[in-house]
Amino acid sequence: MTQDELKQSVARAARDYVADRLPIGAILGVGTGSTANFFIDEIAGIKDRLGGTVASSEATAKRLAGHGMRVLDLNDVDAMGIYVDGADEIDGSMAMIKGGGGALTREKIVAAVAATFVCICDASKLVAVMGKFPLPVEVIPMARAHVARELAKLGGTPKLREGMVTDNGNLILDVHGLAITDPVGLEEQINQIVGVVTNGLFARRGADVLLLATMDGVQTRVR
C-alpha cells in the first residue's frame, strides 16, 4: 500500500469510529493536514448525523464547508465529544508532535475542549523517541529572535519557516535536532518562554485513541 492508501484506510476507520461513538447531533472537531483531509472527505457521507463541526484551521473550515458541513466557531460550542486529527510523530505514551501544517495553536485549543482526542496516522509516524521531525513553535513576530536564542539553549537548532504566517498572524520556528525524552516537561518549558504562543508538543493533552494504519490493517490503541 502507498502512504496515501494507508491514510485513506485510517480515514475510513476514523469515520466508522465517529459514526459508532458520537451521538447523533453532536459536535465533531476536525484537524488539519493531509490525513485529516482524507477524513473530511470520508465524513461527508455521514454529515447528516452531525450537529456541526469545529475546524482547527481556515483550510479545514473551507474543506468542511465545501462538503456542505456546518462549521461552528468554537466559542459557540459548549461541548465536543470527539476531535480527530493526524500527527507528525507519536510515541508510546500517546504524546505527539503536531504543527507541520502550521495549525498547532488552533489544534491544541480544539483538542483541549474535546472529550476524546482520536489521532489518525500511518505506522511511519509511530516512534520510540520524538524529535526527528522538527518541533514547531508558534511565536509572536517581534519575539522571533529572542525565542530562537532560548530554544537553542535547550539543545535544538531553531529555523524560521520561510513564507509561513499562521492563521493567527504569527511565525513558526521549527526546532531541529531534539531527542524528546520528557515530552510533558519540554512542552511546559517551551511554553514558558516569553513570546511563545504555543509549541507543537501535545503531551499534557495527548491522544486518547490512536488509529494506526499498517500494511496489515488499522490498529486501535487506547491510552
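First things first, this report covers the structure right here in the doc. Because the structure is a prediction, the values reported are computed rather than measured.

1. Things to note about the overall build of the chain
A tally of regular secondary structure across the chain gives six helices and 13 strands. On C-alpha atoms alone, the chain measures out to a radius of gyration of 17 Å, which is about the 17 Å that the 2.2 N^0.38 rule sets for 223 residues. Going through the 223 residues of the chain one by one, you find that 53% of them count as buried. Within the chain, contacts between residues separated by at least 24 positions form 74% of all contacts whose residues are at least 6 apart in sequence. For the chain, the computed accessible surface area is about 10,000 Å², with 50% contributed by carbon and sulfur atoms. Averaging the locations of the 23 positively and 27 negatively charged side chains of the chain gives two centres separated by 2 Å.

2. Examining the packing of aromatic side chains
Within the structure shown, the criterion is met by two aromatic pairs. Ring plane angle 55° and centroid distance 5.1 Å describe the contact between Y83 and F117, whose orientation is recorded as tilted. Taken together, the residues Y83 in strand β3 (residues 80–85) and F117 in strand β6 (residues 114–122) connect sequence positions 34 residues apart. Both residues of the pair, Y83 and F117, belong to the buried class. Ring centres of F117 and F202 lie 6.4 Å apart, and the angle between their planes is 75°; on these two criteria the pair is classed as edge-to-face. Here F117, found in strand β6, pairs with F202, found in strand β11 (residues 201–202); they are 85 residues apart in sequence, far enough to count as distant. There is no split in this pair, since F117 and F202 are both buried. One aromatic cluster in this structure is built from Y83, F117 and F202. Sitting above the plane of the F202 ring, K108 keeps its charged end 5.0 Å from the centroid.

3. With respect to the sheet that holds strand β5 (residues 96–97)
Either a parallel or an antiparallel arrangement is found when strands of a sheet pair, and the pairing is made through backbone hydrogen bonds. Pairing is antiparallel in the open sheet, where three strands are placed in the order β4-β5-β11. Both edges of this open sheet fall to β4 (89–90) and β11, since each of them pairs with a single strand only. For β5 and β11, the ladder comprises two bridges, and the chain directions are antiparallel. By the bridge assignment for β11, M96 is matched with F202.

4. Here's the deal with the pairing of strand β13 (residues 217–222)
Taken together, the six bridges between strand β12 (residues 209–214) and β13 define a ladder with antiparallel strand orientation. Opposite T214, over in β13, you have G217 as the bridge partner.

5. Digging into helix α1 (residues 3–21)
Taking 1.5 Å per residue, 19 residues should reach 27 Å; α1 reaches 27 Å between its end C-alpha atoms and fits that length. All of the buried residues along α1 are L6, K7, S9, V10, A11, A14, Y17 and V18. Buried positions along α1 lie against β1 (27–30), α2 (34–43), β3, β6, β12 and β13.

6. A closer look at the pattern of salt bridges
Tallied over the full model, the rule gives 12 salt bridges. A salt bridge links R15 to E42; its shortest N-O distance comes to 2.6 Å. Residue R15 is located in helix α1, and its partner E42 is located in helix α2; the two are separated by 27 residues in the primary sequence. By relative accessible area, which is 22% here, R15 ends up partly exposed. Its salt-bridge partner being D208, residue R205 comes within 2.7 Å of it at the nearest N-O pair. Assessed through its relative accessible area of 21%, R205 is described here as partly exposed. Residue classification places D208 among the buried positions, given a relative accessible area of 18%.

7. As for the side chain of D88
Relative to the assigned elements, D88 resides in the loop between β3 and β4. The side chain of D88 is buried and forms no salt bridge, while K125, the nearest opposite charge, is found at 5.2 Å. Only 2.9 Å separates the side chain of D88 from the backbone nitrogen of G100, close enough to count as a polar contact. With sequence-adjacent residues up to four places away left out, D88 is seen in contact with I97, K98, G99, G100, K125 and F133.

Conventions adopted
Residues numbered from 1 in each chain as written. Predicted model: local features only at pLDDT ≥ 70, side-chain atom pairs only at ≥ 80, totals over all residues. Heavy atoms only, no water. Helix = DSSP H or I, 4+ residues; strand = E, 2+ residues; numbered from the N terminus. Rg over C-alpha atoms; globule rule 2.2 N^0.38 Å. Buried < 20%, exposed > 50% of the residue type's maximum accessible area, 1.4 Å probe, protein only. Contact = heavy atoms within 4.5 Å. Areas by Shrake-Rupley, 256 points an atom, 1.4 Å probe, with all protein chains shown as cover. Lys, Arg positive; Asp, Glu negative; His and termini not counted. Charge placed at Lys NZ, Arg CZ, Asp CG, Glu CD. Phe/Tyr/Trp six-rings, centres within 6.5 Å; stacked < 30°, edge-to-face > 60°. Lys NZ or Arg CZ within 6 Å of the ring centre and 35° of its normal. Pairing = 2+ DSSP bridges. Expected span 1.5 Å × (residues − 1). Salt bridge = Lys/Arg side-chain N within 4 Å of Asp/Glu carboxyl O. Polar contact = N/O pair within 3.5 Å; in protein donor to acceptor, adjacent residues only side chain to side chain.

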